[in-house]
Every structure is written in C-alpha cells, then in structure tokens.
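Remarks on the overall topology
Here are the chains, one letter per residue:
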Amino acid sequence: MELFNIYIQDILSQALDPLFLSTVMEQQEDYYLGPLRQIDGLLIEAQQAIRTKISWTSKFKTALDRSPYFQLMNVSPQMPQDQRCQATVDASCPVVRSVKFYGPVYNSDLLQVTEEVKKANAETFYIGQNAADYLPVYHALCHFKFLLFKKCEEEVQYLRLKNDKTDEVVLGECLQNRIFVQQCLRELKQLLQKCSIVITVVTKAKEEEEQMVTQ
C-alpha cells in the first residue's frame, strides 16, 4: 500500500504541476521514481505476458501504444468479403470487429500531451477474434498510468474549484481521501488479475478449438 501511496502521490503531483515528473527525473529522486518504476514494471510485465500469446502487427501496435482511447465497432457491411485481421501477424484470422483508436499522443514518462488527435482522424483496423479478446486488457495495461493521471486531474480540478486552496493543501486532501486512493489501487489490482484470467481463458479456448479441428 505504501508503494502505491507514493505512486499516486507522483501522479497527483503531476496533475498539480506539469513539470513535477520532469524535475524528479532530472534530479533522479529515487523516493518518487522507485514506486513509478516498480508499478510501471508490473504493467509492462503483464503486457509482455500477452505478447507471448499474440503477435501484433507493427502498424497496429503503434496505433494501440500511442492512443489512450479506443472504440470497438461492428463490422461494416461495406467491408470486403476477403478482408483479414489487420491486428496480428496471423493474417488468416477472419474479421469479427473493427476498432478505432483515438485520443492525444502523450509522453508516457512525463504524462505530457505532445499532439492532439481528433476522433474524426482516428485510425481504424479490422480485427479477428483473438485480437478482440486481448485488445481491451492489453490497451488498459498500456494506458493505465495516463488514464489514472486524467482521473487525478479531475480530482484536483474539483478541489480547486470547490475552494481556493494551495497545491500542497489540495495534494494532502487527495491523499487523505482513502476511498479515492483505494479505488485507484483496486483498479490496478483488478487489471492485473484480469490480464491473467484473459490469458488463461483465451489460451484454453484456442486449444479446444485446435483439438476440434484435428479430430
């Protein structure tokens, strides 16, 4: 819990001061950087576990990694009948959904937006069942820190509008809001657990499908 307390303090501090993380990294302050690296490491390990089960195409992974939001959609009737999955290197997978990636491009270390991308300009891909199964949890792992940052921004803005308080007071009130902090920690734990469950379920389903084909 102490590790996560410092982690979310880092994220809240960045929401209060857009130069906080860059200053911490420049000065190599281990008190703040240690928890960031450890929790980021857990998220990266979970992503790597999924990538042992599915191989994204380079173009799809680039769009997935850079876009904090996505929308799964039904396949358009205008889609070519011979269209294959654009998400994985296994192009034999039939298409079951389409996905649109959008949202600001940002620096994942500094949590600073570098480019705004409107939803109208979003990239769209046709994806197969395997990609559709893994995409939601993989995407959530990739962008957990940024989406937590956006949540912290909302909390900070709410307290700032509520009362005219210093950043130090706002930070203290956020950290003392145990419901907020524990909810964020619970979301992290549930995401990591979901990753393990999805890998197990999808792997088992794929093995059963392969057995049926060989029978």
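Look up: the structure comes first, before these words.
A quick note: this is a predicted structure, and the numbers were derived from the prediction, not measured. (Residues numbered from 1 in each chain as written. Predicted model: local features only at pLDDT ≥ 70, side-chain atom pairs only at ≥ 80, totals over all residues. Heavy atoms only, no water.)

A few words now on the sheet that holds strand E5 (residues 123-128). Read from one edge to the other, the open sheet built from three strands follows the order E1-E2-E5, with strand pairing classed as antiparallel. Across the chains shown, the open sheet's two edge strands, defined by having one partner strand only, are strand E1 (69-73) and E5. Pairwise comparison of adjacent strand axes, ignoring direction, gives a mean angle of 25 degrees for this sheet. Pairing analysis gives five bridges linking E1 to strand E2 (residues 95-102), with the strands arranged antiparallel. Along E2, the bridge assignment pairs Met 73 with Ser 98. Lying over the sheet, helix H5 (residues 129-162) contacts E1, E2 and E5, oriented at roughly 155 degrees with respect to E1. (Pairing = 2+ DSSP bridges. Helix = DSSP H or I, 4+ residues; strand = E, 2+ residues; numbered from the N terminus. Axes fitted to C-alpha atoms, helices over the stretch in contact; angles between N-to-C directions. Contact = heavy atoms within 4.5 Å.)

The subject of this paragraph is the packing of aromatic side chains. Two aromatic rings are characterised by how far apart their centres lie and by the angle between their planes. Tallying each qualifying case throughout the model produces eleven aromatic pairs. A ring pair is formed by Tyr 69 and Tyr 102, whose centres lie 5.8 Å apart and whose planes are at 35 degrees; its orientation type is tilted. Pair noted here: Tyr 69 is in strand E1 and Tyr 102 is in strand E2, with a separation of 33 residues, a long-range link. Counting every residue linked through ring pairs, the aromatic cluster contains Trp 56, Phe 60, Phe 101, Phe 125 and Tyr 138. (Phe/Tyr/Trp six-rings, centres within 6.5 Å; stacked < 30°, edge-to-face > 60°.)

What follows concerns the environment of Gly 172. Its place among the elements puts Gly 172 in helix H6 (residues 167-176). For Gly 172 and Lys 189, which are 17 residues apart along the polypeptide, the C-alpha to C-alpha distance reads 24 Å.

A few words on the pattern of salt bridges. In total, this model carries eight salt bridges according to the counting rule given. Between Glu 173 and Lys 165 there is a salt bridge, with its nearest N and O atoms 2.6 Å apart. (Salt bridge = Lys/Arg side-chain N within 4 Å of Asp/Glu carboxyl O.)

A positive phi angle is found at Gln 28, which is not glycine, with a value near 50 degrees. Mapped onto the elements of the fold, Gln 28 is located in the loop between helix H2 (20-27) and helix H3 (30-51). Relative accessible area serves as the criterion here: at 44%, Gln 28 is assigned to the partly exposed category. Of note, Leu 111 is a non-glycine position whose phi angle comes to about 55 degrees, a positive value. Positionally, Leu 111 belongs in the loop between strand E3 (105-107) and strand E4 (112-115). (Buried < 20%, exposed > 50% of the residue type's maximum accessible area, 1.4 Å probe, protein only.)

As judged from the six bridges shared by E2 and E5, these two strands associate in the antiparallel manner. Bridged to Phe 101 within E5 is Glu 123.

Before going further, it helps to spend a moment on the environment of Ala 46. Following the sequence through the fold, Ala 46 ends up in helix H3. A relative accessible area of 9% places Ala 46 in the buried class. Separated by 147 residues in sequence, Ala 46 and Gln 193 place their C-alpha atoms 9.6 Å apart. Not counting the four nearest positions on each side in its chain, Ala 46 is found in contact with Leu 141, Leu 192 and Cys 195.

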